[in-house]
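Results of the structural survey
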Amino acid sequence: MTPAEARAALERLGVAGSEPPDLAEAALLLAVIDAPGADLAGARAHLAALAAEAGAVGGASVETRAVALAELLAGRHGYAGDTESYDDPANANLLRVIERRRGLPVALGILWIHAARAAGWPAWGVDFPAHFLVALEDGVRAVAVDPFARGHTPSPAELSAMIGRIAGEEAEIHPGLFRRMRDREVLLRLQNNIKIRRLRAGDLAGALAW
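Residues numbered from 1 in each chain as written. Predicted model: local features only at pLDDT ≥ 70, side-chain atom pairs only at ≥ 80, totals over all residues. Heavy atoms only, no water.

So, the packing of aromatic side chains
Here is the rule: In this scheme Phe, Tyr and Trp rings, the latter by its six-membered ring, pair at centre separations within 6.5 Å, and the angle between planes marks the pair as stacked below 30 degrees, edge-to-face above 60, and tilted otherwise. Here a helix means four or more residues in a row that DSSP labels H or I, a strand means two or more in a row labelled E, and each is numbered from the N terminus. Look at NZ for Lys and CZ for Arg. If either is within 6 Å of the ring centre and within 35 degrees of the ring normal, a charge sits over the ring.
Applying the stated criterion across every chain, the model contains one aromatic pair. Centre to centre, the rings of Tyr 86 and Phe 148 are 5.6 Å apart; their planes meet at 75°, and the pair counts as edge-to-face. You can see Tyr 86 sitting in the loop between strand E1 (80-81) and helix H5 (94-100) and its partner Phe 148 sitting in the loop between strand E5 (142-145) and helix H7 (156-167), a full 62 residues away along the chain. Sitting over the face of the ring of Trp 124, Arg 180 holds its NZ or CZ atom 4.0 Å from the ring centroid.

Thoughts on the environment of Ile 110
Filter applied, for reference: Summary of the burial criterion: residues with accessible area below 20% of their type's maximum are buried, those above 50% are exposed, and those between are partly exposed, where the area comes from a 1.4 Å probe applied to protein chains only. In what follows, a contact means two residues having at least one pair of non-hydrogen atoms within 4.5 Å.
In this fold, Ile 110 is placed in helix H6 (residues 105-118). Its relative accessible area of 0% is what places Ile 110 among the buried residues. For the pair Ile 110 and Val 186, spaced 76 residues apart in sequence, the C-alpha to C-alpha distance is 8.0 Å. Apart from residues lying up to four places away in sequence, Ile 110 is in contact with Leu 23, Ala 24, Ala 27, Leu 94, Val 186, Leu 187 and Leu 190.

Overview of the pairing of strand E4 (residues 133-137)
Applicable threshold: The rule for pairing is simple: two strands pair if DSSP sees at least two bridges between them.
Burial analysis of E4 places four of its five residues in the buried class, which makes it a mostly covered element. Alignment of strand E3 (residues 123-126) against E4, held across four bridges, turns out to be antiparallel. Bridging from a neighbouring strand, Gly 125 pairs with Val 134 of E4. What sits between E3 and E4 in their antiparallel hairpin is a turn of six residues, with Ala 130 showing a positive phi close to 70°. Turn length for the E4-E5 hairpin, with the two strands adjacent in sequence and antiparallel, is four residues, and the turn residue Gly 139 shows positive phi of about 95°.

As for the nonpolar core
This is how it is decided: We define the nonpolar core as a collection of buried residues of types Ala, Val, Leu, Ile, Met, Phe, Trp, Tyr and Cys that are connected through side-chain atoms lying within 4.5 Å of one another.
One finds Ile 110, Leu 111 and Leu 136 to be the most contacted residues of the largest nonpolar core, which totals 57 residues. Examining the composition of this core, we find that ten residues originate from one element, helix H2 (residues 23-34), more than from any other. Counting residues in each nonpolar core, the second largest holds nine residues, with Trp 124, Val 126, Phe 128 and Leu 133 among its members.

Focus on the side chain of Asp 82
Condition: Whenever two N or O atoms come within 3.5 Å, that pair is a polar contact, provided that in protein one can donate a hydrogen and the other can accept it, and provided that, for residues adjacent in sequence, both atoms are side-chain atoms.
Topologically, Asp 82 is positioned in the loop between E1 and H5. Residue class for Asp 82 comes out buried when judged on its relative accessible area of 5%. Of note is the side chain of Asp 82, whose polar atom sits 3.1 Å from the backbone nitrogen of Glu 84. When near neighbours in sequence (up to four residues on either side) are disregarded, Asp 82 contacts Asn 91, Arg 100, Arg 102, Gly 103 and Phe 148.

A short note on the sheet that holds E5
Test applied: Every angle, taken between N-to-C directions, lies between 0 and 180 degrees, and every axis is a line fitted to C-alpha atoms, over only the stretch in contact when it is a helix.
The sheet built from three strands is open, its strands ordered E3-E4-E5 with antiparallel pairing. Bordering the open sheet on either side are E3 and E5, each of which pairs with just one other strand. Adjacent strand axes in the sheet meet at a mean angle of 30° when their direction is disregarded. By the bridge criterion, four bridges tie E4 to E5 in an arrangement that is antiparallel. Paired with Ala 135 across the two strands is Ala 144, which belongs to E5. Contacts from helix H4 (residues 62-76) reach E4 and E5, with the element oriented near 130° to E4.

If you want it as structure tokens, here you go:
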């Protein structure tokens, strides 16, 4: 698929005015534009394999579901946050994330949401400031997991520390920090990571292209 074909496919999704039918596939289309030479067929095959493996995973409670997904994504497939080259643009490109098994929280989170939904479990992005989280639900309770930290469930103290780093030590946790994101918003957050990195690198034309 060429970047032009990927853009055309994304435009069709935009005109439809609804949520993308497949969050991970939409993220791959965005990735093609920045990495046309990457292995799209291989990435799609990998997503299909993840979905099949997740579909065979059991988990009644939300806690067991979180553990099962962590074993699948972080354990079996080695996905984790890129702590060594965090600002590498490849960390926000799902094709490159699949190749490297490393990425930013939102890119990794898309894989978590993809696997959870393949297992038949409700999952969505959480618009937590400065650090994307994924919410998992079992029909009774929901928990937030950190895909960057291999699926760790942050404690209240850890969440407070995250907020404190951007809003000051006096900042407090409140329900508005855990707003449920639409899939379109997840994709926008993913692309904003690319835009910010281009601006930091002085690539104004590249940033405006998005």
